[in-house]
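Listed below, chain by chain, are the residues.
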Amino acid sequence: MDKWDKRFMDMACQIGTWSSCYQQNRHVGAIIVKNKRVIATGYNGAPQGIKSCADKCECLRKKLNIQSGTMQEICYAVHAEQNAIIQAARVGCSVEGCTLYCTHQPCVICAKIIINSGISRVVYKEGYPDEFSVRLFNEANVKLEKYIQPE
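Residues numbered from 1 in each chain as written. Predicted model: local features only at pLDDT ≥ 70, side-chain atom pairs only at ≥ 80, totals over all residues. Heavy atoms only, no water.

Give me the pattern of salt bridges: which residues, what numbers.
Summed over all chains, the structure comprises 4 salt bridges. With a closest N to O distance of 2.8 Å, Lys6 and Asp10 form a salt bridge. Here Asp10 and Lys6 lie together in helix H1 (residues 3-16), a separation of 4 residues that amounts to about one turn. By relative accessible area, which is 36% here, Asp10 ends up partly exposed. Residues joined by salt bridges that share partners form a network here, namely Asp5, Arg121 and Glu145. (Salt bridge = Lys/Arg side-chain N within 4 Å of Asp/Glu carboxyl O. Helix = DSSP H or I, 4+ residues; strand = E, 2+ residues; numbered from the N terminus. Buried < 20%, exposed > 50% of the residue type's maximum accessible area, 1.4 Å probe, protein only.)

Outline helix H4 (residues 80-90), listing residues and values.
Along H4, the positions that sit buried rather than exposed are Ala80, Glu81, Gln82, Ala84, Ile85 and Ala88. Within two residues after H4, Gly92 carries a phi angle of roughly 75 degrees, on the positive side.

Could you give an account of the environment of Arg7, naming the residues involved and the relevant values?
Tracing the backbone through its elements, the reader meets Arg7 in helix H1. It is 10.0 Å that separates the C-alpha atoms of Arg7 and Lys36, two residues lying 29 residues apart in sequence.

Describe the sheet that holds strand E5 (residues 143-146), with residues and values.
Backbone-to-backbone hydrogen bonds join strands into a sheet, with any given pair of strands oriented parallel or antiparallel. Read from one edge to the other, the open sheet built from 5 strands follows the order E2-E1-E3-E4-E5, with strand pairing classed as mixed. One side of each edge strand has no neighbouring strand; the edge strands of this open sheet are strand E2 (37-43) and E5. Each strand axis lies, on average, 20 degrees off the axis of its neighbour in the sheet, ignoring direction. Together, strand E1 (29-34), E2, strand E3 (99-104) and strand E4 (121-126) form the strand contacts of H1, whose direction differs from that of E1 by roughly 145 degrees. (Pairing = 2+ DSSP bridges. Axes fitted to C-alpha atoms, helices over the stretch in contact; angles between N-to-C directions. Contact = heavy atoms within 4.5 Å.)

Quick look at the structure:
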């Protein structure tokens with residue numbers, strides 16, 4: 001890890017604070033970088049026109065007692081990684097060969113999207129209970145690196 005990894009991870013963490021998720025531990029941020037330039041950003045939140053969990057003052061997953069790492073589709077939020085890729089697409093930027101920095105290890109759904117988008121490296125800070133996503137990244141030869149905070 002170098003000083004650029006630290007800078008970009010710090011940015012991902014800041015963007016995560018914009019999350020509209022009702023649970024504080026679910027504030028996830030992501031940025032997509034190419035040649036030391038930020039291409040797109042994303043944070044987890046409800047799709048446009050849909051009230052967020054923060055607006056509803058409740059977490060649907062918590063209300064339904066859904067265990068972390070399972071049934072990701074039962075949630076109002078679009079994941080930060082997905083939102084960053086969507087944002088790049090909306091403004092016409094290719095993410096081929098880019099690095100994605102994310103506050104949390106991507107889930108299997110995000111892993112599939114990341115792999116198909118052409119992103120070649122993913123750097124994450126916090127773990128996530130989804131070993132299948134790790135397996136997919138390995139099989140697709142997408143570098144998956146846990147960020148280690150410099151001392």
